[in-house]
Amino acid sequence: MHGYSRLGGAARSPPSSPRFRHGRSKNGSWNSSKESNSMEKLVFILMSAVFRRRGLLLFAPLLYISGMLLYMGSFSFDVVSIKNGVVLVHKRAPPGSVYRSPQVFEKLWPLMEAEAANSNNGTGNVLMKAWPSGELREWRPCANRSVPEAELPKSNGFLIIEANGGLNQQRLSICDAVAVAGLLNATLLIPIFHLNSVWRDSRVKGWSSSAHYLQKVLPQLLEMGAVRIAPFSNRLAQAVPSKIQRLRCFANFGALRFSEPIQALAESMVERMIKYSSQSGGKYVSVHLRFEEDMVAFSCCEYDGGEEEKHEMDIARERSWRGKFKRKHRIIKPGANRVDGRCPLTPLEVGLMLRGMGFDNTTSVYVAAGKIYKEQKYMAPLKQMFPRLQTKNTLATPEELAQFMGHSTRLAALDYTVCLHSEVFVTTQGGNFPHFLMGHRRYMYGGHAKTVKPDKRKLALLFDNPNIRWKEFKQQMKDMLRHSDLKGTELKKAGGSVYTFPMPDCMCKQPVLKIENANTT
């Protein structure tokens, strides 16, 4: 969400949108208004002169249209047309509001190919040096220090919870429940996992503090011997005492494991991905691609499918959210969503971004995703840019995947593990999956997430310019990669999640060893 800045002084109007400010002249809106008024007067004078002379009436429509074109030139209009004697003016779409990425790809693809042909077998691939500050990592895991060595005291009773949601929402529920069980000195039981459920338990509100559990829940636990909270997602506040926070850390990063069948296949897939990436020293890029039909529908963004796409998205929205998008005051603005960076990146856009950053066509790419919307159409350009592309369906055999088919959380666990061990992880749309991965990768890789988090507002503007030069585009993408590197190491702020930002709650800072040059004689 974006709010207006709170400026001092009285009765100041809020600042205008950057998009509108961008269109003004250097002298401000006053001069622009004066120019518009002058153009209006000029058109009026010309038309008056024409109508005073009957002989020129035949040329009146032509002069009128010419005047209108001249007048419209001082504004953001794209097309002026005539239909049934009526002049129609079509306003030009704001920069970044239209999906023109295919045109950008068509323009830049020959330049990518030429550059790849002149490279030396991938030796210039940025994958080998994507994170230049890797030697400066100062953080190391220390969550296991929270495990008490002394004998546990007698339990106060049973805490029974039901984890709900997808893979990482269930993960969050389990880790939070471990922390609450430690706070209440209770024995934790998790008998049921729900994929979909609604809030229906009134004992505990969302994001409850540790004080709430001690004051409201503990007395009931002591009296009844058991307390059941279902579902348990998001029932514990982010800010809790450090002892309880360390329990969260240990549960998530140290103790929690996938079941044996999931773990065995996931580890095999990682080994295959490393072997497949031998040309780049076993390093590969993983991409969490959120371009499933429901994600595209929920975003209310438009791509290049025309009326057929709009019809399909309307059906998908009604099927999944039943009237939510047809409420009286609900206004869908696809262009505004794109300018604001809220549209899921297409596979093509992900490919353009990565090639611009310097990941060449020898890069091994693993795509973690559900069923991609119109997969054959939208995945083709990504495969064209990265021929060494893999998914769980190509990396594992049908027989290996058979036991997991129909279980979305188990399939997501395979994706999670392969992404966890990649050299570069690319997140495209947010959600629990990338947030947990970024935190887990920070925990594993010395405090750095090794994650590309695109600036989708900037990308919307760049992808809206089919005439952009390859050199300029590459520079913009390299700046974005550099920014991801700088933001890779972040400490948890007030209200932040320990699952995404494990420092300093789950990790310890270690001094950087300085090696001094010693001269011997």
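Check the entry above for the structure.
Owing to the predicted nature of the structure, the values given are computational and were not obtained by experimental measurement.

*Asks:* Explain the nonpolar core here, please?
*Replies:* The nonpolar side chains of a soluble globular protein tend to be buried, and buried together. In this structure, L352, L354 and F359 are the most contacted members of the largest nonpolar core, which totals 52 residues. The biggest single contributor to this core is helix α12 (residues 347-357), with six residues. Both domains that furnish three or more residues to this core are identified here as domain 1 (100-129 + 259-291 + 344-490) and domain 3 (294-341). Apart from the residues lying within four places of it in its own chain, the contact partners of L352 are S101, V104, F105, L108, M112, M385, F463 and F473. One finds M269, V270, L401 and F425 within the second-largest nonpolar core, a separate group that totals 38 residues.

*Asks:* Hey, could you run me through the side chain of D464 in this one?
*Replies:* Along the polypeptide, D464 turns up in the loop between α18 (456-462) and α19 (470-487). A polar atom in the side chain of D464 sits 2.2 Å from the side chain of R100. Once residues lying within four places of it in the same chain are set aside, the contact partners of D464 are P94, P95, G96, S97, V98 and R100.

*Asks:* Just checking my understanding: could you explain the environment of K392 for this structure?
*Replies:* Along the chain, the position of K392 falls in helix α14 (residues 392-395). For K392, a relative accessible area of 9% gives the class buried. In this structure the side chain of K392 is engaged in a polar contact, spanning 2.8 Å, whose partner is the side chain of D415.

*Asks:* Can you help me understand the pattern of salt bridges in this one?
*Replies:* As a working rule, side chains carrying opposite charge can pair if their charged atoms are close by. Under the counting rule described, the total for this entry stands at 24 salt bridges. Between K374 and E308 there is a salt bridge, with its nearest N and O atoms 3.5 Å apart. Of this pair, K374 sits in the loop between β8 (365-368) and α13 (375-385) while E308 sits in helix α10 (residues 306-321), placing them 66 residues apart in sequence. Between R338 and E349 there is a salt bridge, with the nearest N and O atoms lying 3.9 Å from each other. Placement of R338 in helix α11 (residues 334-339) and of E349 in helix α12 is noted, with a sequence separation of eleven residues between them.

*Asks:* Before we go on, may I ask you to explain the packing of aromatic side chains in this structure?
*Replies:* Here a ring pair, both rings aromatic, is described through the centre-centre distance and the interplanar angle of the planes. Using the criterion set out here, one finds 15 aromatic pairs in the structure. Seen from their ring centres, F298 and F325 are 5.9 Å apart, and the 90° between their planes marks the pair as edge-to-face. Highlighted residues: F298 in helix α9 (residues 293-299) and F325 in the loop between α10 and α11, separated in sequence by 27 residues. Judged by centre distance (6.1 Å) and plane angle (40°), the rings of F463 and F473 are tilted. Here F463, found in the loop between α18 and α19, pairs with F473, found in helix α19; they are ten residues apart in sequence, far enough to count as distant.

Basis of the calculations
Residues numbered from 1 in each chain as written. Predicted model: local features only at pLDDT ≥ 70, side-chain atom pairs only at ≥ 80, totals over all residues. Heavy atoms only, no water. Core = buried A, V, L, I, M, F, W, Y, C linked by side-chain atoms within 4.5 Å. Buried < 20%, exposed > 50% of the residue type's maximum accessible area, 1.4 Å probe, protein only. Helix = DSSP H or I, 4+ residues; strand = E, 2+ residues; numbered from the N terminus. Domains from an automatic or database assignment. Contact = heavy atoms within 4.5 Å. Polar contact = N/O pair within 3.5 Å; in protein donor to acceptor, adjacent residues only side chain to side chain. Salt bridge = Lys/Arg side-chain N within 4 Å of Asp/Glu carboxyl O. Phe/Tyr/Trp six-rings, centres within 6.5 Å; stacked < 30°, edge-to-face > 60°.

That's the geometry; what it means functionally is another story.
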